[in-house]
Amino acid sequence: MSGGIPHAEALAAWRARAPAPPQALPLPVPDLLERFHPDRQPGAIVPLRIGASAGLSCRAELAALLHSDSLVEDLDIAGAPLLEADVLVIGGGGAGCVAALTAARAGARVLLATKLRLGDSNTVMAEGGIQAAVGAEDSLQRHFEDTLRAGHFAADKALVAALVSDGPAVIRWLIQEGMSFDLAEGSERMGGTLLRKKPGGATAARLLSYRDFTGLEMMRALREAVLLAPGITLLDRHPALELLTDDRGRCAGAALHDLGQGRTVLARAGATVLATGGAGRLHIAGFPTSNHYGATADGLVLAYRLGAALREVDSFQYHPTGIAWPPSMEGQLVSEAARASGATLVNGLGERFVDELETRDVVAAAILREIAEGRGIAHGSGQGVFLDTPGLERAKPGILGKGLVTLTHLARRAGFDAAVEPFLVRPTLHYQNGGIAIDPEGWSGVPGLFCAGEVTGGLHGRNRMMGNALLELVAFGRRAGRAAAADARAERPRNIGLTHLADWRRALIAQGLPLTRKAPLVFPPYGNFDMATERGRAA
Amino acid sequence: MKVLTDERRCVGADLAAWMAAGGGEGLERALAEPAGIIPAIEAAGLRGLGGAGFPTHHKWAAVAARPGPGKWVVCNGNEDEPGTFKDRFLLSRTPHQVIEGALVAALAVGAATVVLYVNPREEAAVRVLREAVMQWEAHPLLARLSAAIGESLRLLVVTGSGLYIGGEETAAVASVMGGFPFPTLKPPFPAERGVEGAPTLVNNVETLAHAGQILRGGPEWYRGLGLGGAPGTKLFSLSGDVLRPGLHELPMGTPLRSLVFEHGGGMLGGKAFKAVFTGGPSNTLLTAGDLDAPLDFDSLRARGSRLGTGAMIVVGEGTSILRKTAEYVAFFAANSCGQCPPCKIGTHQVSRILERIEGGAGRPGDLQALENLAELLPGSGRCGLVDGAATVLASSLRTFRAEYEGALRRG
């Protein structure tokens, strides 16, 4: 990466060229992706060497964690307090809450263990909305085709069919849980018509939203429901360190670390739902991330050790417009709504360089090319390109104050006025496209282990469509919760322990991999949390 | 040197392949001189490899001495204890070796009914064995055998209850008769009153497989296989914290160190060696001081432990002895047949206390209670189940008391 153009110079160039030129030159897209997409860089992808998906291509940073030894040993769980449940749900984001609610309503006694606190998750950061084919001109078939196409046809069709078919019922369920949605202009407040927007890459208006904080509104409703549900015991600040097995290899719960008491506890359960989310805090390829502190790929590490297969773990989504300056806000998301409304991207020479409405992977690669080729804008230690919000305000006066509330607020927190000065943005690590392979009931293939949400793979192929993440977590949270409650009625696990770790260590040794590297990460190394003790640092 | 598990002998149910691999020789020699069988077994020093280590020729001679007809041979393949997986290997991979040994035994004791008594949960073994028996029934050797015994020989595959207790010899007899596998008081021994009240020889799968080989190779050859005066070879079911777990056939008398560090590839991840649960796992633990102990019946007995079935569950640093003990005692508690109150209630009580300690809810008096039970329980049942549970408890409590105390503090 070259030094880039100093911020003041770039500002001058941008002012001199305003308004920005109408269109940038067309780009050779395949070549652009090949040369500048972070996942295509040399050394970025390595094959997995052990486990159920040995040979699968995997992002190197993730593979290092997947090739690690456990944080706990058998001796650590002797004398550890034992908690009992029918269903253990690991993860207190959207998918975990939905799974816990569904399982509890099916009659299961549920333990819901979260790493941070209930609702501390990426669900609350979802701004755009949730997709569901509820429009008169829309259909499940169109939603199905749009999702497959956006994922470059790498998704599992049975999973996508399950996802889109659940869509309308999911919206009804959310409304029953008390979630609010935007209503169409002039609609009745009670019994009105839902407002629908068209998400990027869709053939119909299908995006349902609540202002520009849909995920937060969803989490508000789910959180309340979980706290009020009599069948759910909530364990805040209890990250999972390892899954447990019984003597027949069935998943039998998890070893949790009680951060409050500083000790390990065992949760024994007939069935377990993993809803641990993504991996943004691995900072793949050094990228900042839009993800919250808990997104450290713990679920992938634990399930893989137990024998679950993975898929598309070489595919991550880099959102084009993360904040590049100030450093304290680095990685936070500037919503796609800005570009969708007409905001342009401008390099240090004041030039437009990409069609801003291209897919996320293309726009991100184009920004990275500008930076790599010296046309980026240097500000402090970081580099980026301009998101021309003043230009947008000039073209559509008043839009920053009314439509893009969150964006205006972000600028204020960063210390400037979005109507006067452009944002400095660069791609930010946003979403894990792949994950644990599941069937349409959320079953991982390991007896007793179900998964839901971002931790799973197969729904989004190699690129996720906007609005499908919120739909996924409800649709598959419900499926996994229901299946887990039914599965937990089978026999109670006996002789629970960590027997799978001996085989795992033998596999590590057979491949000449060290036993010194430990995972899961639990918290990013810079996180100043209680857990970042000797164990966290060893990782 | 491998005898039973030699790849050439692992031919599955194919009788022709077994004969081609040198099978049938032992039976031919036995038929040539039936009176020489028991002396040969005695000379070879074969002992009961199901765990007891009782001299095999005594059992055979006792049954042979009883008047016929109607005597039985039961080949005991009930194998269900944690960490033991040798019989299922023999039954599914080299069934003819076992059957030939059983036929030699039938000839030696004059029994016309041979029962292959197997654990129904070993579906592969049952399937292979049924196929193997069908092939024997069409073989002329069986007719010659019937003529030599003077009765028409029957070869039966009987699936037991699948319960651990069904491996005890009197329970096996009850199970073959179609009843629940309740052990009975001894005497009378099965040799006196076994299946249908008739004299019955009950031997473990591995013992009978060795018997056939002794007849084929001769007692001197067999004795020469062992180390330090112990005869023959032994199947060791190696598991736990070693790099290469699995079934290892080694000379009887192989030192523990050699089994763990040479054949087992050493401790997993280079961890320190802590202990070995042997046999059932119902015996006194072997610890680092026993690493040079020869693994044979007499040497381990001299050290206060026992060889048992040859199962060696290795425990390294990082694995909890308390959790292992709790697991095994829970197994015994779940598998007590319930006839003898001290066993039924005692194993359950021990298991309850261990689980309480392990689950972080132990109480101050718990260790004292465990010690009391470990002294009270032995000898209080018809069979050895409760003794095994008490032995492993007492041994782990004595040797690794700090782990119990640590768990009590942590809870």
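Remember, it's a predicted structure, so these values are computed and weren't measured experimentally.

1. Things to note about the pairing of strand E13 (residues 316-323) of chain A
Within a regular strand, side chains alternate between the sheet's two faces. Residues and elements named next belong to chain A. Burial runs high along E13: eight of the eight residues are buried. Across six bridges, the pairing between E13 and strand E17 (residues 423-432) is antiparallel. Looking at E17, one finds that His 319 is bridged to Thr 428.

2. Re unusual backbone geometry
Along the chain, Trp 325 of chain A connects to Pro 326 of chain A via a cis peptide bond; the corresponding omega equals 5°. For Pro 326 of chain A, the position within the fold is in the loop between E13 and helix H9 (337-341). Look at the link from Pro 187 of chain B to Pro 188 of chain B: it is a cis peptide, with omega at 0°. Positionally, Pro 188 of chain B belongs in the loop between helix H9 (169-176) and strand E4 (200-204). Phi at Arg 237 of chain A takes a positive value of approximately 55°, unusual for a residue other than glycine. Phi angles above zero are rare outside glycine, and Glu 196 of chain B is one such case at about 55°.

3. A few points about the domain arrangement of chain B
Often, the extent of an interface is quoted as the loss of accessible area upon association of its parts. All names here are of chain B. Domain boundaries in chain B define domain 1 (7-224), domain 2 (233-314) and domain 3 (321-410). The C-alpha centroid of domain 2 is placed 26 Å from the C-alpha centroid of domain 1. Of the roughly 1400 Å² buried at the junction of domain 1 and domain 2 (both faces included), carbon and sulfur atoms supply 60%. The tally of links from domain 1 across to domain 2 stands at two salt bridges. Between domain 1 and domain 2 we count six residue pairs in polar contact (both at pLDDT 80 or more) in total. Residue assignment for the side of domain 1 that touches domain 2 shows that the elements contributing at least two residues are helix H5 (87-93) and helix H10 (205-217). A breakdown of the residues in the side of domain 1 that touches domain 2 according to their chemical character gives seven nonpolar, seven polar and four charged.

4. Remarks on the pattern of salt bridges
The full count for this structure, using the stated rule, is 57 salt bridges over all chains. Taking the shortest distance from any N to any O, the salt bridge between Asp 69 of chain A and Arg 505 of chain A comes out at 2.8 Å. Of this pair, Asp 69 of chain A sits in the loop between helix H3 (60-66) and strand E4 (82-90) while Arg 505 of chain A sits in helix H15 (residues 499-510), and the two are 436 residues apart along the sequence. For the pair formed by Asp 69 of chain A and Arg 505 of chain A, the shared burial category is buried. The partner of Glu 358 of chain B in a salt bridge is Arg 323 of chain B, and the shortest N-O contact between them spans 2.7 Å.

5. Structural notes on the interface of chain B and chain A
With 24 residues of chain B at the interface, the matching set in chain A holds 20 residues. In total, about 1700 Å² of surface goes out of reach between chain B and chain A, with carbon and sulfur atoms giving 51% of it. One can count two salt bridges joining chain B with chain A. Arg 323 of chain B is the salt-bridge partner of Asp 74 of chain A, the closest N and O atoms lying 2.8 Å from each other. Inspection of the chain B/chain A interface yields 11 residue pairs in polar contact (both at pLDDT 80 or more). If you list the elements that add at least two residues to the side of chain B that touches chain A, you get helix H14 (321-335), helix H15 (341-358) and helix H18 (401-410) of chain B. Among the residues making up the side of chain B that touches chain A, the classes are represented as seven nonpolar, eight polar and nine charged.

6. As for the UniProt feature "active site" (unreviewed entry) in chain A
All names here are of chain A. Summarizing the sequence annotation, UniProt attributes the feature "active site" (unreviewed entry) to Arg 360 in the numbering used throughout. Tracing the chain through its elements places Arg 360 in helix H10 (residues 360-372). Judged by its relative accessible area of 10%, Arg 360 falls in the buried class. Ignoring any residue separated from it by four or fewer positions in sequence, one finds Arg 360 in contact with Gln 317, Tyr 318, His 319, Pro 320, Glu 336, His 430, Arg 464 and Met 466.

Rules of the game
- Every residue gets a number counted from 1 within its own chain, in the order that chain's sequence is written.
- Whichever chain is written first is A, and whichever ligand is written first is 1; the rest continue in order.
- With the structure being a predicted model, the display of local features is reserved for residues of pLDDT at least 70 and the display and counting of side-chain atom pairs for 80 or more, all residues being used for whole-chain, interface and lining totals.
- Hydrogens and water are ignored here; the side-chain numbers use all heavy atoms of the structure.
- The buried label applies to any residue whose accessible area, calculated with a 1.4 Å probe on protein chains only, is under 20% of its type's maximum; exposed applies above 50%, and partly exposed to all values in between.
- Secondary structure is summarised from DSSP: a helix means a run of H or I of at least four residues, a strand means a run of E of at least two, and numbering begins at the N terminus for each.
- Two strands qualify as a pair provided that DSSP identifies no fewer than 2 bridges between them.
- Boundaries between domains were set according to an automatic or database domain assignment.
- Accessible surface is computed with a 1.4 Å probe, and the buried area is the amount of it that two parts give up when combined, taken over both parts together.
- Here, a salt bridge means any Lys or Arg side-chain nitrogen found within 4 Å of an Asp or Glu carboxyl oxygen.
- Pairs of N or O atoms within 3.5 Å make up the polar contacts considered here, provided that, within protein, one atom can donate a hydrogen while the other can accept it, and that residues adjacent in sequence are counted only when both atoms are side-chain atoms.
- Residues are grouped as follows: Ala, Val, Leu, Ile, Met, Phe, Trp, Tyr, Cys and Pro are nonpolar; Asp, Glu, Lys and Arg are charged; every other residue, Gly included, is polar.
- We call two residues in contact when some of their heavy atoms are within 4.5 Å.
- UniProt positions are given in the numbering used here, feature names are shortened, and annotations may be inferred rather than shown by experiment.

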